[in-house]
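# Structural characterization, general
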Amino acid sequence: MKKNNKTKIVSAVLIVALLAVLLLLDNTKGVPSMLLTVLRKGAIYALVAVSMNLLNGFTGLFSLGQAGFMLLGAYTYAALTIPVESQTSIYQQYPGGGVGFSITEGLTNAMGGFGLLLGVVICLILAGIVAALLAYVIGLPVLRLKSDYLAIATLGFAEILRAVVQYAKLGPVTNGSNLLYGFTSFDDFKIGSLKLSTVMPFVFSGLCIAVVVLLINSTYGRAFKAIRDDEVAAEAMGINLAKHKRMSFVISSFFAGISGALLAMYQASVQAVTFKAAMTYEILLIVVIGGIGSISGSVIASFLFVGCSEWWLRFLDNEKTLKNFNAKLIFAIIFGLIVAGIAVAIFFKQKKNGKLGANVPCIGTAIVALAAIGWDIWFVISPNLKLPLLRSGFRMVVFSVIIMVVVLFFRKGLLGDQELPDVLHRFGAWLQSRFGKSAKGGDAK
Amino acid sequence: MAAKILPYLLGGISVGGQYALIAIGYTMVYGILRLINFAHGDIFTVAGFIMVYAAATMPLYVTIPLVIILTILLGVLVEKVAYKPLRTAPRMSVMISAIGMSYLLQNSMWYLTGGLAKQYPTLPWISDKITVAGYTTSRVTIITPILTIVLVVALVALIQKTKIGMAMRAASRDFETAQLMGIKINNVISFTFVVGSGLAAIGSMLYFSNYATVTPTVGAMPGLKAFVAAVFGGIGSIPGAVIGGFIIGICESFIKGTGATTFSDAFTFALLIVILAVKPTGLFGENLTEKV
């Protein structure tokens, strides 16, 4: 009991500190805009990844419909919050279009800043509810299917939704295939002159993730896990399969809808074209990288994923010419060391498995490594100062290779099916057992 | 009336034949590995790009075999790299690997081609214009269904009459027992990918002759539709995949004809969901009992 209290206090302090740092970042000049992008988008992707993990990782239902539910959430949110006076210009293709009211605008006029927050919360919940309702309807036929059939059917539904939203007859609400914009976005959140553009995504997304965590630790969550581990055994234990699968599907879609709405707020515009199957694949890859069945893994992975794809690997997209021979030499040495390191690691692993010898992986590694080092030496000798390969698109190639490596060799992802606090605890205990009492962070009690 | 219907019917049969050729790759791989090879649609696109680049420098009688051979090599390589290491892993892992492979292929194509749409070379003879019952079309429209049927008949003969065909049938019936019976399962799987990728290469030549441009993501949609065709016909069944391909192609062509182009994709998936709900084994699928 005492320890429980301690954990609660520590996490409360951590959350307040995080929000304070975000608030500071939001209002300090000179903060790289990429950092803010990564934080905002990462928080939103974290929510959708967690919602997918609830379904794929905790209930064992392999669904690929996430983009479709996000699309619904985004459109619901956008349609309900576009200010009345800009509706005519936004819906110019569909005269008389628009819903004719704006929840956030109305409540802001009535109650000021609190009204804005209330309006956004109401619209977010509505966005979730619309997605959840549709999920309920879709779930009736689809959830009877197993594994890959379920995947392809949900993927199909997401594509159908994308087509329906662009249907001309729905134009007065969805604006057909045109953009929706001008609705309440994160930039509208301010306290006085303090901007809250990065704090708000964290608040919304964090609250939703907390709800998912509570759900997973409840009896329902245990039922979900039982279904994932063994359907037949779960049914024998008296778990209503249909009910729990549907529940998981509906709740997952609810949060996917909310995250779609948050994504709309972040982008400040909505268009059906962006919610393609490729988006679902990206989210699935986040879940896999983080570890299927680990909430904290999904959260960490989404920040890593967004960070890599938007920011850290960006330099790979630009051509680069080195300044002089010394810079080239340094580059070549570092490159050579990395290649040698990877090759040695592979050989070491093969040796550990007792497979070191004249087989395909070993010879292949040797050839590739020698070729790379050969190129490296040639590059140093040649008068060329321009780095090869770097040009637009290379970032995504490197990025997808990294993903393939994770998928093939680190199948458990970052955290497997464990949660971060448990892993840290175990790490602390390991440190303590290894280094005795001198180690910090040990929590053996 | 007939004159109005004819163009759509011809177009539909032509597209359907192309879907059918891609669908065979899906259905054969699924039959043996129980894996939706998400990268298949991208292999189809790569075949298109190889043609674009090869035709720029080489004469046609070299490029066509070259495209087929390189596509087959790519298909087998994808299997060796992305699926073989996961043979004992859960099905979900393999499927994720397939999705990752598709992502990698798309991004690599984007990088290598600069992301711009490339003009597909005009293949002489099959791109020529001909007139059928007062309606002008290119010869590829007529060639596609004929070629599809010829290839399928040859493939069915291969599967029914040859030793490797028998091994494939055994492997798709029961993977593990087939192994115990001395079938070299890796060879069988590689051969499946050879056939699937080869047909995808031929399908891509016919498809892009109609559509004229190739972009890195162009294969995703035909790929998914071909998969739907495979499910519709009963996954694992080659004649089923072909008939499914033709039905989807024709329906789609008529839907486009009525002006509801946005719904032609949606229709395909609606069809998928209906068939999965009503008859999950598809038209010609066998009823396999799942063991607990």
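Residues numbered from 1 in each chain as written. Chains lettered and ligands numbered in written order. Predicted model: local features only at pLDDT ≥ 70, side-chain atom pairs only at ≥ 80, totals over all residues. Heavy atoms only, no water.

### Comments concerning the overall build of chain B
Summing up its helical and strand segments, chain B has 11 helices and 4 strands in all. A globule of 292 residues ought to have a C-alpha radius of gyration of about 19 Å, and chain B, at 19 Å, matches this closely. Seen through its C-alpha atoms, chain B measures out along the principal axes to roughly 60 × 45 × 35 Å. Once local pairs closer than 6 in sequence are excluded, the contacts in chain B between residues at least 24 apart make up 76%. (Helix = DSSP H or I, 4+ residues; strand = E, 2+ residues; numbered from the N terminus. Rg over C-alpha atoms; globule rule 2.2 N^0.38 Å. Contact = heavy atoms within 4.5 Å.)

### Notes on helix H8 (residues 185-211) of chain B
Residue and element names in this part refer to chain B. Between the first and last C-alpha of H8 there are 38 Å, a value that for 27 residues agrees with the 39 Å anticipated at 1.5 Å per step. Along H8, 21 of the 27 residues are buried, which leaves the element largely enclosed by surrounding structure. In the stretch just after H8, Ala212 is the one whose phi turns positive, near 75°. (Expected span 1.5 Å × (residues − 1). Buried < 20%, exposed > 50% of the residue type's maximum accessible area, 1.4 Å probe, protein only.)

### Things to note about the pattern of salt bridges
All names here are of chain B. Considering all chains together, one arrives at 11 salt bridges over all chains under this definition. Glu252 is paired through a salt bridge with Lys256; the nearest N and O atoms lie 3.7 Å apart. Of this pair, Glu252 and Lys256 both sit in helix H10 (residues 238-257), separated by 4 residues, roughly a single helical turn. Lys256 gets classed as partly exposed once you look at its relative accessible area, which sits at 37%. Taken together, the salt bridges that share partners define one network made up of Lys225, Glu252, Lys256 and Asp265. (Salt bridge = Lys/Arg side-chain N within 4 Å of Asp/Glu carboxyl O.)

### Details of the interface of chain A and chain B
Accessible area lost upon the coming together of the parts serves often as the stated size of an interface. In this assembly, 44 residues from chain A lie in contact with 41 residues from chain B. Interface area lost by chain A to chain B is led by A:Asp148, A:Tyr149 and A:Ile152, which between them contribute 17%. Taken together, the connections running from chain A to chain B amount to 0 salt bridges. Among the secondary structure elements, those contributing two or more residues to the side of chain A that touches chain B are helix H7 (147-165), helix H13 (277-290) and helix H17 (394-409) of chain A. Sort the elements by how many residues they give to the side of chain A that touches chain B and H7(A) lands first, with 13 residues. Taken together, the residues of the side of chain A that touches chain B break down into 32 nonpolar, 6 polar and 6 charged. (Buried area = accessible area lost by both parts, 1.4 Å probe. Nonpolar A, V, L, I, M, F, W, Y, C, P; charged D, E, K, R; others polar.)

### Digging into unusual backbone geometry
One can expect most non-glycine residues to show negative phi and most peptide bonds to be in trans. Its identity is not glycine, yet A:Ala268 carries a phi of approximately 60°, on the positive side. Within the secondary structure layout, A:Ala268 lies in the loop between helix H12 (241-267) and strand E4 (269-270). Unusually for a residue other than glycine, B:Arg34 sits at a positive phi of about 55°. Looking at where B:Arg34 falls in the secondary structure, it is placed in the loop between helix H1 (2-33) and helix H2 (40-57).

### Observations concerning the environment of A:Gly291
All names here are of chain A. Structurally, Gly291 can be placed in the loop between H13 and helix H14 (295-312). Distance in space between the C-alpha atoms of Gly291 and Val306 is 16 Å, their sequence separation being 15 residues. Excluding its chain neighbours within four sequence positions, the residues that come into contact with Gly291 are Asn53, Lys412, Gly413, Leu414 and Gly416.

### Points about the environment of A:Glu231
Positionally, A:Glu231 belongs in helix H11 (residues 231-236). Remark: the alpha-carbon pair of A:Glu231 and A:Thr59, spanning 172 residues in sequence, is separated by 9.8 Å.

### Side note on the state of the cysteines
Cysteine pairs can be linked by a disulfide, which is a covalent bond between their two sulfur atoms. Residue and element names in this part refer to chain A. By the definition in use, this model includes 0 disulfides over all chains. Cys208 provides the cysteine sulfur closest to Cys123, a residue in no disulfide bond, and the two sulfurs are 14 Å apart. On the basis of relative accessible area, Cys123 is assigned to the buried category, the value being 0%. (Disulfide = S-S within 2.5 Å.)

### Notes on the side chain of A:Arg162
Looking at the secondary structure, you find A:Arg162 in helix H7. Sequence-distant contacts of A:Arg162, defined by excluding residues within four places in its chain, comprise A:Leu71, A:Ala272, A:Val273, A:Phe275 and A:Lys276.

### Some thoughts on the nonpolar core
In terms of nonpolar packing, the biggest core is built from 206 residues, with A:Leu64 and B:Phe38 touching the most fellow members. Leave out the neighbours within four places in its chain, and A:Leu64 touches A:Met52, A:Ala151, A:Thr154, A:Leu155, A:Thr280, A:Tyr281, A:Leu284, B:Phe38, B:Met95 and B:Ile99. A:Ala223, A:Ala234, A:Ile239 and A:Leu241 belong to the second largest nonpolar core, which has 5 residues in total. (Core = buried A, V, L, I, M, F, W, Y, C linked by side-chain atoms within 4.5 Å.)

### Digging into the domain arrangement of chain A
Residues and elements named next belong to chain A. Once the domains are mapped, chain A shows domain 1 (1-31), domain 2 (34-285) and domain 3 (329-382). Placing the centre of domain 1 and that of domain 2 at their C-alpha centroids yields a distance of 26 Å. Tallying the contact residues gives 8 residues for domain 1 and 13 residues for domain 2. Buried surface at the junction of domain 1 and domain 2, summed over both partners, amounts to about 860 Å²; 73% is from carbon and sulfur atoms. Of all residues in domain 1, the largest losses of buried area upon contact with domain 2 belong to Leu22, Asp26 and Asn27, amounting jointly to 55% of the total for that side. Arg40 is the partner of Asp26 in a salt bridge, and the nearest nitrogen-oxygen pair spans 3.6 Å. For the pair domain 1 and domain 2, the number of links is 3 residue pairs in polar contact (both at pLDDT 80 or more). (Domains from an automatic or database assignment. Polar contact = N/O pair within 3.5 Å; in protein donor to acceptor, adjacent residues only side chain to side chain.)

### Remarks on helix H10 (residues 219-229) of chain A
All names here are of chain A. Among the residues of H10, those classed as buried are Gly221, Ala223, Phe224 and Ile227. Viewed along the axis of H10, the buried residues span an arc of 160°, placing them on a single side of the element. In H10, those exposed residues whose orientation departs by more than 90 degrees from the buried face are Thr219, Arg222 and Asp229. The opening residue of H10 is Ser218, an N-cap whose side-chain oxygen sits 3.3 Å from the backbone nitrogen of Tyr220. (Arc of directions from axis to C-beta.)

### Structural notes on the confidence of the model for chain A
Residues and elements named next belong to chain A. Overall, the prediction assigns chain A a mean pLDDT of 86, with 97% of residues at 70 or greater. The least confident element of chain A is strand E2 (residues 190-191), whose mean pLDDT is 80; the most confident is H12, at 94. Long-range and interchain partners of residues 439-445, a stretch whose pLDDT sits below 50, account for 11 contacts in this model, where long-range means more than four residues apart. (pLDDT = per-residue confidence, 0-100.)

### Section: the packing of H14(A) against H17(A)
Residue and element names in this part refer to chain A. Close contact between H14 and H17 brings their axes to 9 Å; oriented N to C, the two are set at 155°. One element, H14, and the other, H17, form an angle in the roughly antiparallel class. From H14, Phe305, Cys308, Ser309 and Glu310 reach across to H17, where they touch Arg395, Phe399 and Ile403. Of the residues assigned to the contact of H14 with H17, the class counts are 4 nonpolar, 1 polar and 2 charged. (Axes fitted to C-alpha atoms, helices over the stretch in contact; angles between N-to-C directions. Parallel < 35°, antiparallel > 145°, perpendicular 65-115°, else oblique.)

### Focus on the packing of aromatic side chains
How two aromatic rings sit relative to each other is given by the distance of their centres and the angle of their planes. Enumeration over the complete set of coordinates arrives at 23 aromatic pairs over all chains. Taking 5.4 Å as the distance between ring centres and 35° as the angle between the ring planes, the aromatic pair formed by B:Tyr120 and B:Phe208 counts as tilted. Taken as a pair, B:Tyr120 in the loop between strand E1 (118-119) and strand E2 (129-132) and B:Phe208 in helix H8 lie far apart in primary sequence, 88 residues in all. Taking relative accessible area as the criterion, B:Tyr120 reaches 4% and is therefore assigned buried. Positioned above the aromatic ring of A:Phe379, the side-chain terminus of A:Lys328 is 5.2 Å from the ring centre. (Phe/Tyr/Trp six-rings, centres within 6.5 Å; stacked < 30°, edge-to-face > 60°. Lys NZ or Arg CZ within 6 Å of the ring centre and 35° of its normal.)

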